[in-house]
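Take a look at the letters that make up each chain.
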Amino acid sequence: ETGVTQTPRHLVMGMTNKKSLKCEQHLGHNAMYWYKQSAKKPLELMFVYNFKEQTENNSVPSRFSPECPNSSHLFLHLHTLQPEDSALYLCASSQEIQTLAGTDTQYFGPGTRLTVL
Amino acid sequence: LAKTTQPISMDSYEGQEVNITCSHNNIATNDYITWYQQFPSQGPRFIIQGYKTKVTNEVASLFIPADRKSSTLSLPRVSLSDTAVYYCLVGDIGTGANNLFFGTGTRLTVIP
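Residues numbered from 1 in each chain as written. Chains lettered and ligands numbered in written order. Predicted model: local features only at pLDDT ≥ 70, side-chain atom pairs only at ≥ 80, totals over all residues. Heavy atoms only, no water.

(A) Here's a closer look at the pairing of strand 7 (residues 70–75) of chain B. Counting buried positions over the 6 residues of strand 7 of chain B gives 5, a clear majority of the element. From the end of strand 6 (residues 61–64) of chain B to the start of strand 7 of chain B, which pair antiparallel, there are 5 residues, and Arg-68 of chain B there has a positive phi angle of about 60 degrees. (Buried < 20%, exposed > 50% of the residue type's maximum accessible area, 1.4 Å probe, protein only. Helix = DSSP H or I, 4+ residues; strand = E, 2+ residues; numbered from the N terminus. Pairing = 2+ DSSP bridges.)

Take a look at the structure:
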């Protein structure tokens, strides 16, 4: 019964393509997050937005470009990706900005499985 | 930063109680302990959170000893649908979002 949706669920793209991932939360939350999860690796935080303002950029390469037009929507624009960028990209939201270990739960979307050829 | 250590995998039969222990020797005074569950190709889902002693909800129990250097997630009477990866997280709610260690988790397999 997740209130966070992500599209597309699966994406295959070439290294020269430009694509965008979309996340929408229907929970009235103020903070949104992008995570990357590679096979057999820990979850990695990429970006954090609070009230549409970016508050964290966790040393993410510039080929990943986030956009947060409002508190309900979050995009991740992709261009000139590398095969090692293939992973599950997860969006999450929470009422207030905080870490995953905070007292306010983060709600995750189902993720977009990205494959870069 | 309180790094966590969990067993990589565990197997259990249906109907049994499962206990997954997480070590966090460097836990700080302000740190909370949080557990998430993740199914394949899905985002993590919050299970339970605690600071000390015991916490119980409709899904699980969390046992935290007095020294807080470890914690145990207890799943009563597991079913096949509990097969997932379980992550233990430790951190301060006031720290920056990049000061959080999300480990490799424990892969629980429930056997019929």
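(B) Structural view of the sheet that holds strand 1 (residues 4–7) of chain A. All names here are of chain A. Spatially, the 4 strands line up as an open sheet ordered 1-3-8-7, and their pairing is antiparallel. Unpaired on one side and paired on the other, strand 1 and strand 7 (64–70) mark the two borders of the sheet. For this sheet the average axis-to-axis angle between neighbouring strands, irrespective of direction, equals 20 degrees. Sheet topology note: the strand 3 (residues 18–25)/strand 8 (residues 73–79) ladder contains 7 bridges and is antiparallel. Residue pairing across strands places Ser-20 opposite His-77, the latter belonging to strand 8. (Axes fitted to C-alpha atoms, helices over the stretch in contact; angles between N-to-C directions.)

(C) Main features of the state of the cysteines. Summed over all chains, the structure comprises 2 disulfides over all chains. Across the disulfide from Cys-23 of chain A sits Cys-91 of chain A; the S-S distance is 1.9 Å. Disulfide Cys-23 of chain A-Cys-91 of chain A: torsion about the S-S bond near -70 degrees, hence left-handed. Placement of the pair is Cys-23 of chain A in strand 3 and Cys-91 of chain A in strand 9 (residues 87–94), with a sequence separation of 68 residues. Note on Cys-23 of chain A: relative accessible area 0%, which makes it buried. Here Cys-22 of chain B connects covalently by a disulfide to Cys-88 of chain B, the sulfurs 2.2 Å from one another. Judged by the torsion about the S-S bond (-80 degrees), the Cys-22 of chain B/Cys-88 of chain B disulfide is left-handed. Placement of the pair is Cys-22 of chain B in strand 2 (residues 18–23) and Cys-88 of chain B in strand 8 (residues 84–92), with a sequence separation of 66 residues. (Disulfide = S-S within 2.5 Å.)

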